[in-house]
Structures are given as structure tokens and as C-alpha cells.
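Analysis of the macromolecular model
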Amino acid sequence: MATYTFDVFSSLDGFGAAGGDWTGYWGKQGPELLDHRLALYDEEQRMVFGANTYRAFAQMLAASTDDSDVRDPWVTRMRNLPATVVSSTLKEPLDWPDAEVANGDAVEVVARLKQESDVPLRSHGSLAMNRALMAAGLVDRVQVTLFPVITGRTGLDPIFQNAADFDLELIESRTLDGHIQELTYRPTLHP
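Here goes a summary of the coordinates provided. (Residues numbered from 1 in each chain as written. Predicted model: local features only at pLDDT ≥ 70, side-chain atom pairs only at ≥ 80, totals over all residues. Heavy atoms only, no water.)

**Concerning the overall build of the chain**
Put simply, the rule is: Secondary structure elements are taken from DSSP: a helix is a run of H or I of four residues or more, a strand is a run of E of two residues or more, and numbering for both begins at the N terminus. Radius of gyration here is computed from C-alpha atoms only, and the compact-globule reference equals 2.2 Å multiplied by the residue count raised to the power 0.38. Accessibility here uses a 1.4 Å probe with only protein chains present; expressed as a share of the type maximum, an area under 20% marks a residue as buried, one over 50% as exposed, and anything in between as partly exposed. Throughout, a contact is declared for two residues whenever any of their heavy atoms are within 4.5 Å. What sets the accessible areas is the Shrake-Rupley method with a 1.4 Å probe; for residues, cover comes only from the shown protein chains. In this charge count, Lys and Arg are treated as positive and Asp and Glu as negative; neither His nor the chain ends contribute. Here the site of a charge means atom NZ of a Lys, CZ of an Arg, CG of an Asp or CD of a Glu.
Along its length, the chain carries 5 helices and 10 strands. At 16 Å, the chain has a C-alpha radius of gyration in line with the 16 Å of a compact globule built from 191 residues. For the chain, the spread of C-alpha atoms along the three principal axes comes to 45 × 40 × 30 Å. In the chain, which comprises 191 residues, the proportion classed as buried is 46%. Put simply, of all contacts in the chain between residues at least 6 apart along the chain, 73% involve residues at least 24 apart. Of the roughly 9700 Å² that the chain leaves accessible, carbon and sulfur atoms contribute 50%. Each charge sign in the chain was given a centre, from 16 positive and 28 negative side chains, and these centres are 3 Å apart.

Listed below in C-alpha cells is the structure:
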């Protein structure tokens, strides 16, 4: 069975993004982070996105230029991996080189993908979908890249808002660029 990794960026206070004058990566990225992200996405895998995250990525990439930060090499690599977009509203063809739409409930779609896929599955973002997948026991690893910021007034997209309770087993950790933490956990529902 294929492993499924929920890959997410977070502020210390648990937000996946921020408004105000924050830039991408909260302005904290460095060469180690970008090289590590490229190595993560250089591995053979299938991306899984919810419709809203797919739309946000497609719009962000369409509005960017080849030399903008939006098109960091790891993002370009992610866009060129095979992808499944779980949606009841999107129709093919998608503006993504190797993407297919899977209609239906995300839990059913990902359970099937885990059985059928010959490569690991990874989702970057797709918060609501991944909360549901975690509750269903389908997420094998939660990989949180923790940026050294608190976005109390400007935080957007609370990552685990209304999620179930989980115990987390730390299976890997690293520090990137001297201040960014990447923490990988194995989640289990808390009884």
C-alpha cells in the first residue's frame, strides 16, 4: 500500500498562510530550504490536491513569471509530477501537465489511490481534505515545515481548525537555514 504524506507549511501559531505584508515562506526561506524541497519533490510520487488548493496553485502559477519566487524549482517540479485533483466541480482537461480529476468523496478516492498506486502519495496544502483524511486514518505522515513567525493578527488558513484529536509520533526532524524546522510525524487518532 502506498504511503500518504500531508505536507504543509505553518507559522508557529498554526496558520498555513498570512495576509498583511508577509511574502511567500513568510520571507524566511533560504538556500537549504529550497534545495531540500527540490530533493523532496525530485522523488517519484503522485500529488493529491483538493479542488480549492488546485485552483489556488493554478491561479498563482498562471499569474507568475518564469523568474518569480512562485516558480521556485521545487514548485515547478511539483507541477510536473502526476496529480490527482479530488473535485466534484472541476472538469478535465486541467491546467496542469499530468493531472486527472477524481470525482467523489476524498476518503474513498485516497483509499483507492493508496491501494492502487505504485508510488508514494503527497499532498501539499489541501487543509480541509487532509483533515478528513487524517480522521479516516489515511494519512501516514504529517510533514510540517515550521517557519519562525507568529501571525496572530494576519494569519490565514488555520491548519488544524476543527480537526480530530491526534497523538503524534515524531519520526524525523531537521533544521533548515538555521531557523526553519521540518517535523515529520506519524499521526494516530487519540482515543
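From this point on, the discussion continues.
**Considering the sheet that holds strand β10 (residues 180-189)**
Where we set the bar: When DSSP finds two or more bridges between a pair of strands, those strands are recorded as paired. Lines fitted to C-alpha atoms define the axes, with helix axes restricted to the stretch in contact, and inter-axis angles between N-to-C directions lie between 0 and 180 degrees.
Strand order in this open sheet of 8 strands is β5-β4-β3-β6-β1-β7-β10-β9, and the pairing throughout is mixed. This sheet does not close on itself; its edge strands, each paired only once, are β5 (99-102) and β9 (166-176). Each neighbouring strand pair of the sheet contributes to a mean axis angle of 25°, computed without reference to strand direction. Of the strand pairs in this sheet, strand β1 (residues 4-11) and strand β7 (residues 141-147) are connected by 7 bridges, and their pairing is parallel. Residue pairing for β7: D7 is matched across the bridge by Q143. On top of the sheet, helix α2 (residues 51-62) reaches β3 (46-50), β4 (83-86) and β6 (121-124); it is set at about 105° to β3, its chief contact.

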